[in-house]
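Descriptive structure summary
What follows is the residue order along each chain.
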Protein chains: 2
Amino acid sequence: MTDSTDGARLAPLDPDMFHPFCPSSEMPFRVGDKWTGMVIRCLEGGPRRFTELRAPLRSVTPKVLSETLRAMERDGLLTRTAYDENPPRVEYALTPLGRTLIPLLDAARAWSETHLPHLLAARRAHERNAA
Amino acid sequence: MTDSTDGARLAPLDPDMFHPFCPSSEMPFRVGDKWTGMVIRCLEGGPRRFTELRAPLRSVTPKVLSETLRAMERDGLLTRTAYDENPPRVEYALTPLGRTLIPLLDAARAWSETHLPHLLAARRAHERNAA
DNA sequence: AGCGCCGATACCGTTGAAGTAACCGGGCAT
DNA sequence: ATGCCCGGTTACTTCAACGGTATCGGCGCT
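In this report, the structure presented in the accompanying data block is examined. Model, not experiment: these values are computed from the prediction. (Residues numbered from 1 in each chain as written. Chains lettered and ligands numbered in written order. Predicted model: local features only at pLDDT ≥ 70, side-chain atom pairs only at ≥ 80, totals over all residues. Heavy atoms only, no water.)

All right, on to the packing of helix α1 (residues 36-43) of chain B against helix α5 (residues 102-130) of chain B then. Residue and element names in this part refer to chain B. The contact between α1 and α5 brings their axes to 11 Å, and the two run at 110°. The orientation of α1 with respect to α5, classified from their angle, is roughly perpendicular. Seen from above, α1 lies across α5 with left-handed handedness. Between α1 and α5, the residues in contact are G37, I40 and R41 and I102, L105, D106 and R109, respectively. (Axes fitted to C-alpha atoms, helices over the stretch in contact; angles between N-to-C directions. Helix = DSSP H or I, 4+ residues; strand = E, 2+ residues; numbered from the N terminus. Parallel < 35°, antiparallel > 145°, perpendicular 65-115°, else oblique. Left-handed = near helix turned anticlockwise from the far one by under 90°. Contact = heavy atoms within 4.5 Å.)

Quick look at the structure:
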């Protein structure tokens with residue numbers, strides 16, 4: 001939530017935005033692959049570079065991130081723009097179609113804030129019962 | 001919940017409710033396991049029996065359905081009630097927590113109705129480009 | 001010459017979800 | 001007594017996702 005869309009460069013992504021305490025990995029929802037939802041969150045504020053995306057995504061390996069981005073590009077969720085510069089620069093940006101997923105991510109997050117503790121409590125209770 | 005344990009049954013589930021033409025399997029969303037969302041849809045109208053659930057779920061194998069139901073029970077999304085009758089009868093019903101997921105499924109379906117053709121078109125266009 | 005940066009790709013191993021096939025126990029109809 | 005039905009379970013296999021490590025190519029820097 002640190003983004004302010006000023007004219008210059010975007011604020012850097014918070015490397016802890018998917019910190020282990022963030023329950024996003026426990027949510028019973030998935031959008032596409034494991035990382036797709038988090039990539040959308042990272043690109044919500046504007047275009048980002050490959051290496052910029054790696055930091056907050058809990059050190060996702062380049063291979064998996066590359067696969068995820070390619071799948072999303074194939075499905076029209078984001079665009080990939082390579083600038084012929086040095087050092088090389090590649091920017092990923094959400095398409096309008098990709099942005100239509102944001103409300104769903106919001107809904108999933110809202111559900112989790114309200115109900116995920118309930119679900120996890122039920123799970124723990126069940127485990128205690130089994131033992 | 002107008003359930004009578006011996007009286008009029010609910011209308012049977014449409015065996016084609018997850019027909020191959022139903023794009024639910026193409027949706028880029030998942031709730032829990034592969035089948036969790038469909039189970040919720042099947043139980044939306046009231047409790048159902050094991051064999052009743054098998055029909056519309058495109059012949060999911062008993063093993064996978066059993067695993068799915070057990071995981072959902074563990075997470076407090078549904079209850080399992082076994083009646084000591086003959087023939088044996090087991091009913092699965094959504095809990096209030098399970099019902100909280102229905103609006104999310106609705107949102108996912110609404111997204112798919114609006115945008116999924118767009119996504120699939122982008123995918124096909126990309127494949128044509130690759131070829 | 002050697003090193004590092006960026007954006008990957010190749011190769012390989014692990015994991016876990018999902019599917020297949022066979023079977024079970026009790027009751028009941030044939 | 002045989003087989004069927006219900007609601008599963010068990011054992012085995014398959015498959016895609018995910019992850020780890022290593023490496024590449026072009027360029028600039030020292």
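From this point, the discussion proceeds with the structure in view.
Quick look at the protein's contact with DNA strand D now. Taken together, 20 residues are adjacent to DNA strand D, and K63 of chain A together with T51, S66, R70 and R80 of chain B come closest. Counting only atoms of DNA strand D within 4 Å of the protein, the fraction found in sugar and phosphate groups is 72%. In the model, a phosphate oxygen of DNA strand D is placed 2.7 Å from a nitrogen or oxygen of the K34 of chain A side chain. Contacts to DNA strand D include S66 of chain B, whose side-chain N or O atom sits 2.6 Å from a phosphate oxygen. (Near = heavy atom within 4 Å. Polar contact = N/O pair within 3.5 Å; in protein donor to acceptor, adjacent residues only side chain to side chain.)

A few words on the relation of the copies chain B and chain A. Once chain B is rotated about the relating axis by 180° and shifted along it by 0.0 Å, it coincides with chain A to within an RMSD of 0.1 Å. The operation mapping one copy onto its partner corresponds to a two-fold rotation axis. Minimal C-alpha separation from the rotation axis in chain B is found for R30 of chain B, amounting to 2.4 Å. Of the interface residues in chain B, 100% have counterparts in chain A that sit at the interface too, so the contact is made through matching surfaces. (Least-squares fit on C-alpha atoms with pLDDT ≥ 70 in both.)

Moving on: the packing of aromatic side chains. All names here are of chain A. Enumeration over the complete set of coordinates arrives at two aromatic pairs over all chains. Seen from their ring centres, F29 and W111 are 5.4 Å apart, and the 85° between their planes marks the pair as edge-to-face. Taken together, the residues span a long stretch of sequence, with F29 in strand β1 (residues 29-31) and W111 in helix α5 (residues 102-130) at a distance of 82 residues. Note that R89 overlies the ring of Y83, its terminal NZ or CZ placed 3.9 Å from the centroid. (Phe/Tyr/Trp six-rings, centres within 6.5 Å; stacked < 30°, edge-to-face > 60°. Lys NZ or Arg CZ within 6 Å of the ring centre and 35° of its normal.)

In this section: the side chain of T36 of chain B. Residue and element names in this part refer to chain B. Structurally, T36 is set in helix α1. T36 sits in the buried class, given a relative accessible area of 5%. Apart from residues no more than four positions distant in its own chain, T36 is found in contact with V31, T68 and M72. (Buried < 20%, exposed > 50% of the residue type's maximum accessible area, 1.4 Å probe, protein only.)

Looking now at the interface of chain B and chain A. On the side of chain A, 22 residues touch chain B, which itself brings 22 residues to the contact. Together, the buried faces of chain B and chain A total about 2,100 Å²; carbon and sulfur atoms form 70% of this surface. Three residues stand out in chain B for area buried against chain A, namely R74, L97 and L104 of chain B, and they jointly supply 26% of the buried area on that side. Where chain B meets chain A, there are two salt bridges. Taken together, chain B and chain A are joined by nine residue pairs in polar contact (both at pLDDT 80 or more). The set of elements that each furnish at least two residues to the side of chain B that touches chain A consists of β1 (29-31) and α5 of chain B. (Buried area = accessible area lost by both parts, 1.4 Å probe. Salt bridge = Lys/Arg side-chain N within 4 Å of Asp/Glu carboxyl O.)

Residue and element names in this part refer to chain A. If you walk across this open sheet you meet the three strands as β2-β4-β3, and the pairing is antiparallel. The two strands at the open ends of the sheet, each matched to only one other strand, are β2 (48-49) and β3 (78-83). In the sheet, β2 pairs with strand β4 (residues 89-94) via two bridges, with the strands oriented antiparallel. Each residue of the ladder has a partner; that of R49, found in β4, is E91. Along the sheet, helix α1 (residues 36-43) makes contact with β2, β3 and β4, crossing β4 at roughly 100°. (Pairing = 2+ DSSP bridges.)

On their own, these measurements won't tell you what the molecule is for.
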